Structures are given as C-alpha cells and as structure tokens.
Amino acid sequence: MGLNFRFTPVNGYDLPGLERWLEAMAARGLRFALTMGPLTAFERSRPEPLRFHLEPAREKTAEEDPELTALYGSQGWEFLGIFRKNFFVFATRDLTARAHTDPETLSYSLKRFFRQKLLGGLGLALCNLLPLQFYRIGSWGWTQLKYLPAEALATRPL
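What comes next is a walk through the structure. (Residues numbered from 1 in each chain as written. Predicted model: local features only at pLDDT ≥ 70, side-chain atom pairs only at ≥ 80, totals over all residues. Heavy atoms only, no water.)

Description of the sheet that holds strand 3 (residues 39-44)
Backbone-to-backbone hydrogen bonds pair the strands of a sheet. The strands run either parallel or antiparallel.
Here's step 1: Spatially, three strands are ordered 1-3-2 in an open sheet, and the strand pairing comes out antiparallel. Each edge of the sheet is formed by a strand with only one pairing partner; in this case those strands are strand 1 (3-7) and strand 2 (30-36). Across this sheet, the average inter-strand angle for adjacent strands is 35°, counted without regard to direction.
Here's step 2: Note that strand 2 and strand 3 share six bridges and pair antiparallel. Residue pairing across strands places Arg31 opposite Glu43, the latter belonging to strand 3.
Here's step 3: The strands that helix 1 (residues 15-27) touches are strand 1, strand 2 and strand 3; relative to strand 3, the one it contacts most, it runs at about 30°. (Pairing = 2+ DSSP bridges. Helix = DSSP H or I, 4+ residues; strand = E, 2+ residues; numbered from the N terminus. Axes fitted to C-alpha atoms, helices over the stretch in contact; angles between N-to-C directions. Contact = heavy atoms within 4.5 Å.)

Shown next as structure tokens:
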C-alpha cells in the first residue's frame, strides 16, 4: 500500500491543532504513518473517527518507547509513529478517551518540553549572532545589515 504525502498545515508545536488535523485526515481515510520535514505521510485506510494524542518525547528520537507504548496500550491507545522526532503519536477509537487525566502531569511534560526547545532556540540564535562581531559596521545602520556579508566579501580580500 502506498503512502500519501500532505504538507502539514499546522505549526509543529500547536498540539491541539495537530491532533485535530490528524483526526480530520483519519475521517477522510488517511491514517498517520510518518513525517518527512514539512510533509506528513499517511496510509490509505477506511475512513473512521479516531482520537489522537501527541506525547512529547524527552529528547529527539526516531524509535518507539516500548514502556510508553505499553502504558498507553493498556488504556486502549495504539502507537502509530513519531511526529518530527519530537512527539509519539497515539490514536484510539474511543472519542471520549483522554490521554492525561491529570492536568498537572500534562502541564509539567509540556512545560519541560517547551523549555527545552526554547533553550535550544536561544542557543541557535546566539550562534547566528556571533559572526556579526567579525564585521565592523561603522556608519551602517541595522537596515543595511542584510547586505553586510555581500559587501564585506566584495570589498575585502578573503
């Protein structure tokens, strides 16, 4: 059975939006399989209403967590795959099922996950700003900053 690819129209960190989108795709007969960059792959199946849950992974992973799968499996959830190495995707036919009955546990896991992503983003921003110290801006303003690398390469020897 072939895979159908769709561009993911929802921000990767909008968990309720992603879950609703995956539910809508399952209702159309497309069941989540995997992700490849901005694309999400689906397998053709019969249309059925499913409830989805995306569980944040502690760290980027490409492998299933057997302990987590067993825990969710005991509650009627089926492991479908991993979304962008950040989330484990679970689905159930019980539309009233809730993955987390304790809001404090959900809040803790989401805050920890987003704090980790924020720190990673700040580190990346710092690494991108460091090369600016090698350029002498002089009388330039911030509006000309986008031309700085091209100007520097054109006027200075390598």
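Back to the write-up after that little detour.
Thoughts on helix 1
Here's step 1: Over its 13 residues, helix 1 extends 18 Å from the first C-alpha to the last, a length consistent with the 18 Å expected when each residue adds 1.5 Å.
Here's step 2: Among the residues of helix 1, Leu15, Gly17, Leu18, Glu19, Trp21, Leu22, Met25 and Ala26 are the ones counted as buried.
Here's step 3: Put simply, Asp14 is the residue that caps the front of helix 1, since its side-chain oxygen is 3.1 Å from the backbone nitrogen of Gly17.
Here's step 4: Just downstream of helix 1 lies Gly29, where phi reads positive at about 95°. (Expected span 1.5 Å × (residues − 1). Buried < 20%, exposed > 50% of the residue type's maximum accessible area, 1.4 Å probe, protein only. Polar contact = N/O pair within 3.5 Å; in protein donor to acceptor, adjacent residues only side chain to side chain.)

Notes on the sheet that holds strand 5 (residues 78-83)
Here's step 1: Judged by pairing direction, the sheet is antiparallel, and its three strands sit side by side in the order 4-6-5 without closing on themselves. The outermost strands of the open sheet, each flanked by one partner alone, are strand 4 (51-56) and strand 5. Pairs of neighbouring strands in the sheet enclose a mean axial angle of 25°, with direction left out of account.
Here's step 2: For strand 5 and strand 6 (residues 87-92), the ladder comprises five bridges, and the chain directions are antiparallel. Within strand 6, the residue paired with Phe83 across the bridge is Phe87.

Considering the pairing of strand 2
Here's step 1: The buried count for strand 2 comes to five of seven residues, which makes it a mostly enclosed element.
Here's step 2: Where strand 2 folds back on strand 3, the antiparallel hairpin that results is connected by two residues, among which Gly37 adopts a positive phi of roughly 65°.

Some details on the nonpolar core
Here's step 1: Formed by 19 residues in total, the largest nonpolar core has its most connected members in Leu22, Phe32, Phe42, Phe52, Leu54, Phe83 and Val89.
Here's step 2: Sorting the residues of this core by element identifies helix 1, strand 2, strand 4, strand 5 and strand 6 as the ones contributing at least two each.
Here's step 3: Broken down by element, the residue count for this core peaks at six residues, all from helix 1.
Here's step 4: Within the second largest apolar cluster, nine residues are counted, among which are Ala57, Tyr72, Phe79 and Phe90. (Core = buried A, V, L, I, M, F, W, Y, C linked by side-chain atoms within 4.5 Å.)

Overview of helix 2 (residues 66-73)
Here's step 1: Taken as a whole, helix 2 has its buried residues at Leu68, Thr69 and Tyr72. Summarising the axial view, the buried residues of helix 2 lie within an arc of 100°, below the 170-degree limit, and thus occupy one face. Exposed side of helix 2, more than 90 degrees from the buried face: Pro66, Glu67 and Leu71 are the residues found there.
Here's step 2: Against strand 4, strand 5 and strand 6 lie the buried residues of helix 2.
Here's step 3: For helix 2, the capping residue at the N-terminal end is Asp65, with a side-chain oxygen 3.2 Å from the backbone nitrogen of Glu67. (Arc of directions from axis to C-beta.)

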